Amino acid sequence: MTAMLEDSPEVAAATPKKARVLLTAATRWEVMPLVRALQLVAAGTGRWNGSIAGSALTLVKTGIGEIAAAQTLDRDFNAFDFDLTISAGLCGAMQPDVRRGDIIVDPHETEMEYVVPLRETARALSIPFHFGRILHTNIVLKPAEKRALGAQQRVVACDMETAAVRRWTRSKSPVLGIRAVLDEIDEEIPSSAPSGEDALSLARFALAHAGQLPALIRTGWRSSRSMRNLGRFLRRYLEVL
């Protein structure tokens, strides 16, 4: 893959020097597939480090939502400098042609040297890929809400952290939202989640929401498949930076 991309004049001209990359993801179920795909090692609570093709990587688990993401980044990373920040994880589709497992990228004025290799990466892996704006939301949207807001706002997907990650950088580094689709525009996912990620919290949640168990299991299975796509995509993309 690396050789194929380097053979492309467009990509060779656009690819930056080896980068220091910060990746953020909200939950254990988003973080751990990335840890495995990128072969990262634990470097403290909620943090993993590694490198790919000379680029230094740091992955941090932020927690769900804009407040948790901002607090985690403010507490742990204000003294750090990064060449690129990637808000990674899952998202909800807000256009009818966007399918589960597709990769969504919100470049938001990021330099072309980081943007050009994205499409080539998707082509090489044969993963469906969409450029577009990711809408911030504080709640899990219902299908009708996704369809209406997608049409009104002309957005491709929604998530709960990318906007906060972008605000946190304060132009210190370019930010890419790179997400895998969990739920399609007409699919509904559970609106509540366990308070914690440990086994006891999961068991308590399951007992209190027994009627939602089939939907939770289905969502977990879909999450796993979508995150495998994202892990493959990010690894290949980072190999050419």
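**Student:** Looking at this model, I keep getting lost on the layout of surface pockets. Mind explaining?
**Tutor:** Regions of empty space are outlined by a rolling probe, equal in size to a water molecule, passed over the atoms. A volume near 160 Å³ is recorded for the second largest pocket. His-108, Glu-109, Thr-110, Glu-111, Arg-166, Thr-169, Ser-171, Ser-173, Pro-174 and Val-175 together form the lining of the second largest pocket. A breakdown of the residues in the lining of the second largest pocket according to their chemical character gives two nonpolar, five polar and three charged.

**Student:** What's the story with the packing of aromatic side chains in this structure? I'm lost.
**Tutor:** Centre-to-centre distance and the angle between the planes together describe a pair of aromatic rings. Applying the stated criterion across every chain yields a total of five aromatic pairs. Residues Phe-129 and Phe-131 carry aromatic rings whose centres are separated by 4.8 Å and whose planes lie at 80 degrees to one another, so their mutual orientation is edge-to-face. Judged by its relative accessible area of 14%, Phe-129 falls in the buried class. Seen from their ring centres, Phe-129 and Phe-233 are 6.0 Å apart, and the 20 degrees between their planes marks the pair as stacked.

**Student:** Would you take a moment to explain the nonpolar core for this structure?
**Tutor:** Grouped burial of nonpolar side chains is what soluble globular proteins tend to show. With 38 residues, the main nonpolar core has Ile-86, Leu-176, Ile-178, Phe-233 and Tyr-237 as its most contacted residues. Sorting elements by how many residues they give to this core places helix H9 (residues 213-239) first, with six residues.

**Student:** Just to check I follow, could you spell out the pattern of salt bridges for this structure?
**Tutor:** Note that side chains of opposite charge can pair when their charged atoms are close. Summed over the entire model, instances satisfying the criterion amount to 16 salt bridges. Here Arg-236 ties to Glu-239 by a salt bridge, and the two come within 3.7 Å at their closest N and O atoms. Linking Arg-236 with Glu-239, this pair stays in helix H9, spanning three residues, or about one helical turn. Residues joined by salt bridges that share partners form a network here, namely Glu-30, Asp-159, Glu-161 and Arg-179.

**Student:** What exactly am I supposed to notice about the confidence of the model for the protein here?
**Tutor:** It should be kept in mind that the predicted coordinates are not to be read in detail where pLDDT is low. Mean pLDDT over the protein stands at 87; residues scoring 70 or higher make up 82%. Confidence drops under pLDDT 50 across residues 1-16; counting only partners more than four residues distant or on other chains, this segment forms 27 contacts.

**Student:** Would you mind going over unusual backbone geometry with me for this structure?
**Tutor:** With the exception of glycine, most residues fall at negative phi, and the peptide bonds are largely trans. The phi dihedral of His-108 is positive, around 45 degrees, even though this residue is not glycine. Accessibility expressed as a relative area gives 45% for His-108, which makes it partly exposed. Located in the positive-phi region is Arg-154, a residue other than glycine, with phi close to 55 degrees. When you line up the elements, Arg-154 lands in the loop between helix H6 (143-153) and strand E9 (157-159). Judged by its relative accessible area of 73%, Arg-154 is exposed.

Parameters and conventions
- Residues numbered from 1 in each chain as written.
- Predicted model: local features only at pLDDT ≥ 70, side-chain atom pairs only at ≥ 80, totals over all residues.
- Heavy atoms only, no water.
- 1 Å grid on protein atoms, 1.4 Å probe; cavity = no way out; pocket = protein on both sides within 12 Å on 5 of 7 lines; lining within 4 Å.
- Points joined across faces, edges and corners; volume = space filled by probe spheres on them.
- Nonpolar A, V, L, I, M, F, W, Y, C, P; charged D, E, K, R; others polar.
- Phe/Tyr/Trp six-rings, centres within 6.5 Å; stacked < 30°, edge-to-face > 60°.
- Buried < 20%, exposed > 50% of the residue type's maximum accessible area, 1.4 Å probe, protein only.
- Core = buried A, V, L, I, M, F, W, Y, C linked by side-chain atoms within 4.5 Å.
- Helix = DSSP H or I, 4+ residues; strand = E, 2+ residues; numbered from the N terminus.
- Salt bridge = Lys/Arg side-chain N within 4 Å of Asp/Glu carboxyl O.
- pLDDT = per-residue confidence, 0-100.
- Contact = heavy atoms within 4.5 Å.

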